[in-house]
Amino acid sequence: MTDLPGSHAPVAEPRLAASVILLRDAPSGLEAFVQHRVSTMDFAAGMVVFPGGRVDAVDQSGWDYPGELLRSHALSWAQSSISADTALAERNAGMVLTAAIREVQEEAGLGIEPGDLRPWANWITPIDMPKRFDTYFYVAKPAPEAQPRHQTTEAWQSLWMPVSGILEAEAAGQLKLMPPTYYLLKEIAVLDSVEAVWSAEHPVVPVLAPVGSLAAFLKERENRG
């Protein structure tokens, strides 16, 4: 750990994590598969989140992705920490991709093909938070017949919800979202189909929010609700 600027408070090192925004087309518009976390969790308690979790040692080996896919993902993550060492960029891209696929399987019971995930965003928890993550978000287009389900103990329910409906419920104070979830859904809401998301020009620029921003975001939502 290092110290916060101007203080003696330690700064937690961010842990690598992966999160997947599963999307599907529906008559009412785009839907995302989300999980309502239980209120007893020590991180993002009571929040609505996408399936995901930290990168584990098991994700570092045992996979064999096409070189073209790894090169494409490494290029997408070029500004992120996992590409800081260019010699390891493709290996790290494979490791994070493996974590994303594993988490979707573990949390939603859904096997998803590597080629059906697209790097979308990279958010790093502000340095004033006690638990920090360097999270790699993917958008995913599972097969039309795919049926993710609720099977994680970290959430009390998991389900498909209209992207616009999630944002409307958040605005009404009926749901709680972390900043990355909120802003990523706002981005996706302006696109009208899975294919539009998939083909959108969307370079990955890492986001490290300033000190105090998370607390201010959550406080504003609490007051508004």
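Here is what the cut-offs are and how they apply
- Once a new chain begins, its residue numbering starts again from 1 and follows that chain's sequence as written.
- Thresholds applied to this predicted model are a pLDDT of at least 70 for local features of residues and 80 or more for the giving and counting of side-chain atom pairs; totals over whole chains, interfaces and linings are not thresholded and use all residues.
- Hydrogens and water molecules were not included; the side-chain quantities draw on all heavy atoms of the structure.
- To sort residues, take the accessible area from a 1.4 Å probe on protein chains only and compare it with the maximum for the residue type: under 20% means buried, over 50% means exposed, and anything in between is partly exposed.
- For helices the rule is a DSSP run of H or I covering at least 4 residues; for strands it is a run of E covering at least 2, with both sets numbered from the N terminus onward.
- Taken from the helix axis, the directions to the C-beta atoms give the arc we talk about.
- Any two residues whose heavy atoms approach within 4.5 Å at even a single point are treated as in contact.
- Polar contact is the term for a pair of N or O atoms within 3.5 Å; when the atoms are in protein, one must be able to donate a hydrogen and the other to accept it, and sequence-neighboring residues count only if both atoms are side-chain atoms.
- At least two DSSP bridges between two strands are needed for those strands to be called paired.
- Here, axes are lines fitted to C-alpha atoms. For helices the fit covers the stretch in contact, and angles between N-to-C directions go from 0 to 180 degrees.
- Orientation is classified from the angle alone, with under 35 degrees giving roughly parallel, over 145 giving roughly antiparallel, 65 to 115 giving roughly perpendicular, and any other angle giving oblique.
- Each crossing gets its hand from how the near helix is turned against the far one by less than a right angle, where anticlockwise is left-handed and clockwise is right-handed.
- Residues are grouped as follows: Ala, Val, Leu, Ile, Met, Phe, Trp, Tyr, Cys and Pro are nonpolar; Asp, Glu, Lys and Arg are charged; all remaining types, including Gly, are polar.
- For salt bridges, the criterion is a side-chain nitrogen of Lys or Arg within 4 Å of an Asp or Glu carboxyl oxygen.

Under an unreviewed UniProt entry, the chain has the name 8-oxo-dGTP pyrophosphatase MutT (NUDIX family) and belongs to Paenarthrobacter nicotinovorans.

## Observations regarding helix α3 (residues 163–171)
Given 3.6 residues per helical turn, the α-helix brings residues three or four places apart onto the same face. Among the residues of α3, Val163, Ile166, Leu167, Ala169 and Glu170 are the ones counted as buried. Looking straight down α3, one finds its buried side chains confined to an arc of 160 degrees; they lie on one side. At the C-terminal side of α3, Gly173 shows a positive phi close to 80 degrees.

## What to know about the environment of Ser19
Within the secondary structure layout, Ser19 lies in strand β3 (residues 15–26). Residues Ser19 and Asn122, 103 residues apart in the sequence, show an inter-C-alpha distance of 9.8 Å. Ignoring any residue separated from it by four or fewer positions in sequence, one finds Ser19 in contact with Phe50, Pro51, Gly52, Thr135, Tyr136, Phe137 and Tyr138. Among the polar contacts listed, one links the side chain of Ser19 to the backbone oxygen of Pro51, at a separation of 3.3 Å.

## So, the pairing of strand β8 (residues 133–140)
The buried fraction of β8 is high, at 8 of 8 residues. With burial as the criterion, each face of β8 is covered, one bearing Phe133, Thr135, Phe137 and Val139 and the other bearing Asp134, Tyr136, Tyr138 and Ala140. Of the pairings in the sheet, the one linking β3 to β8 comprises 8 bridges and is parallel in character. Bridged to Ser19 within β8 is Phe137. Of the strand pairs in this sheet, strand β7 (residues 117–124) and β8 are connected by 7 bridges, and their pairing is antiparallel. Counterpart to Ile124 in the pairing with β8 is Asp134.

## Regarding the packing of α3 against helix α4 (residues 179–189)
Where α3 contacts α4, the axes come no closer than 9 Å and their chain directions differ by 135 degrees. Here α3 lies oblique to α4, going by the angle between them. Remark: the crossing between α3 and α4 carries left-handed chirality. Along its contact with α3, which presents Val163, Ile166, Leu167 and Glu170, the element α4 presents Tyr182, Leu185, Lys186, Ile188 and Ala189. Tallied by class, residues from the contact of α3 with α4 come to 7 nonpolar, no polar and 2 charged.

## Side note on the pattern of salt bridges
Under the criterion given, the structure shown has 6 salt bridges. Glu106 is the salt-bridge partner of Arg102, the closest N and O atoms lying 3.2 Å from each other. With Arg102 and Glu106 both in helix α2 (residues 89–108), this residue pair falls 4 residues apart, about one helical turn. The exposure class assigned to Arg102 is buried, which follows from its relative accessible area of 14%. Taking relative accessible area as the criterion, Glu106 reaches 44% and is therefore assigned partly exposed.

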